[in-house]
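Spelled out from the first residue to the last, the chains are:
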Amino acid sequence: MTGKRVLITGASSGLGAALARRLAGQQAVVGLIARRRNRLDEVLADCRRTSPASAMWVADLGDTSAIAELAGQAWDGLGGVDVLINNAAMPKRRRVTELDPGEVEDVMRVNFFAPMRMTLALLPRMLARGSGLIVNVSSVGGRLGIIHETAYCASKFALCGWSEAMAVDLHGSGVTVKLIEPGPVDTEIWDQPGSEDPIYQGPKAGAEEVADGIISALGSERFEHYVPDMKAVVDAKNADLDAFIAGVAKMAPR
């Protein structure tokens, strides 16, 4: 990754911050995007110890109308973008019968429309150059339904479908697409206002461990990567979807 220019969204904490620090430690030039200036300042300061040319942009990706301009600023500020990592996401744990349509649209804006717009803003420049890597951080919740997470899963399913079809369209163009599907990761996403308490109480992977897995995936020839590897769970769901739905429904508190 030495000298590669990597733009990371959602870089102020959790997985995004871990990715930024790890990549900067490998002498990549990282561009950081997130809402919280104070947290982003801390991450950037860490990154600049090993990658002095790294930079940051404070932005709310829920404001999708501003993303094209933001992407242009980042491209110009970094002198180009070799790798775009669409990592920013928001949770929404709420029973579908209690969801407000506006809440679902908020989740879709951050989790799907923002990476879509960021990609479409940078893609023409990557294609003109003949190279680029687009990394979409989805979730295992983009391949299977999670109880009380209809809005979140909808956004991540959309990101998976978008990534897969985009990989087909761009095959042979010089621009490569990677789809990352983390399982449970120990980040702030589990404790967010506006979401129910999580039902899942099992083990969680550390953000640094998952970041290392994502960085390893960047050099792989495969499109899809589960980090940590939960593909067997998805395969079991696909083998008998009705049984999966009935089994997960039993987890619901009564």
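Residues numbered from 1 in each chain as written. Predicted model: local features only at pLDDT ≥ 70, side-chain atom pairs only at ≥ 80, totals over all residues. Heavy atoms only, no water.

The sheet built from seven strands is open, its strands ordered β3-β2-β1-β4-β5-β6-β7 with parallel pairing. Here the strands that pair on one side only, and so sit at the sheet edges, are β3 (55-58) and β7 (224-227). Neighbour-to-neighbour, the strand axes of this sheet turn through a mean angle of 15°, independent of strand direction. Bridge count for strand β4 (residues 83-86) against strand β5 (residues 132-137) is four bridges, and the pairing is parallel. Bridged to L84 within β5 is I134. Strands in contact with helix α5 (residues 150-169) are β5 and β6 (175-182); relative to β5, the strand with the most contacts, it is inclined by about 155°. (Pairing = 2+ DSSP bridges. Helix = DSSP H or I, 4+ residues; strand = E, 2+ residues; numbered from the N terminus. Axes fitted to C-alpha atoms, helices over the stretch in contact; angles between N-to-C directions. Contact = heavy atoms within 4.5 Å.)

Evaluated as defined, the whole model comprises 13 salt bridges. K92 is the partner of E103 in a salt bridge, and the nearest nitrogen-oxygen pair spans 3.9 Å. Taken as a pair, E103 in helix α4 (residues 101-129) and K92 in the loop between β4 and α4 lie far apart in primary sequence, eleven residues in all. Of the two residues examined, E103 and K92, each falls in the buried class. For the salt bridge of E181 with R143, the shortest nitrogen-to-oxygen distance reads 3.1 Å. With E181 in strand β6 and R143 in the loop between β5 and α5, this residue pair connects regions lying 38 residues apart in the sequence. Assigned by exposure class, E181 and R143 land together as buried. (Salt bridge = Lys/Arg side-chain N within 4 Å of Asp/Glu carboxyl O. Buried < 20%, exposed > 50% of the residue type's maximum accessible area, 1.4 Å probe, protein only.)

Let us look at the UniProt feature "domain: Ketoreductase" (unreviewed entry) in the protein chain. Sites flagged by UniProt as "domain: Ketoreductase" (unreviewed entry) map to residues 4-183. Annotated as residues 4-183, this span is 47% helix and 18% strand, and its ends, taken at the C-alpha atoms, are 27 Å apart. (UniProt positions renumbered as here; feature names shortened; annotations may be inferred.)

It is worth spelling out the side chain of S139 at this point. On the secondary structure map, S139 appears in the loop between β5 and α5. Among the polar contacts made by the side chain of S139, one reaches the main-chain amide nitrogen of G141 at a distance of 2.8 Å. For S139, the contacting residues outside a window of four places in its chain are Y152, K156, I180, E181 and P182. (Polar contact = N/O pair within 3.5 Å; in protein donor to acceptor, adjacent residues only side chain to side chain.)

This part takes up α4. Taking 1.5 Å as the rise per residue, α4 with 29 residues should run 42 Å; its terminal C-alpha atoms sit 40 Å apart, in good agreement. At R109, α4 is bent by approximately 45°, the largest bend along its length. Taking the backbone nitrogen of G102 as reference, a side-chain oxygen 2.8 Å away marks D100 as the first, capping residue of α4. Of the residues trailing α4, G130 is marked for its positive phi of about 90°. (Expected span 1.5 Å × (residues − 1). Bend = angle between axes of the 7 residues up to and from the residue.)

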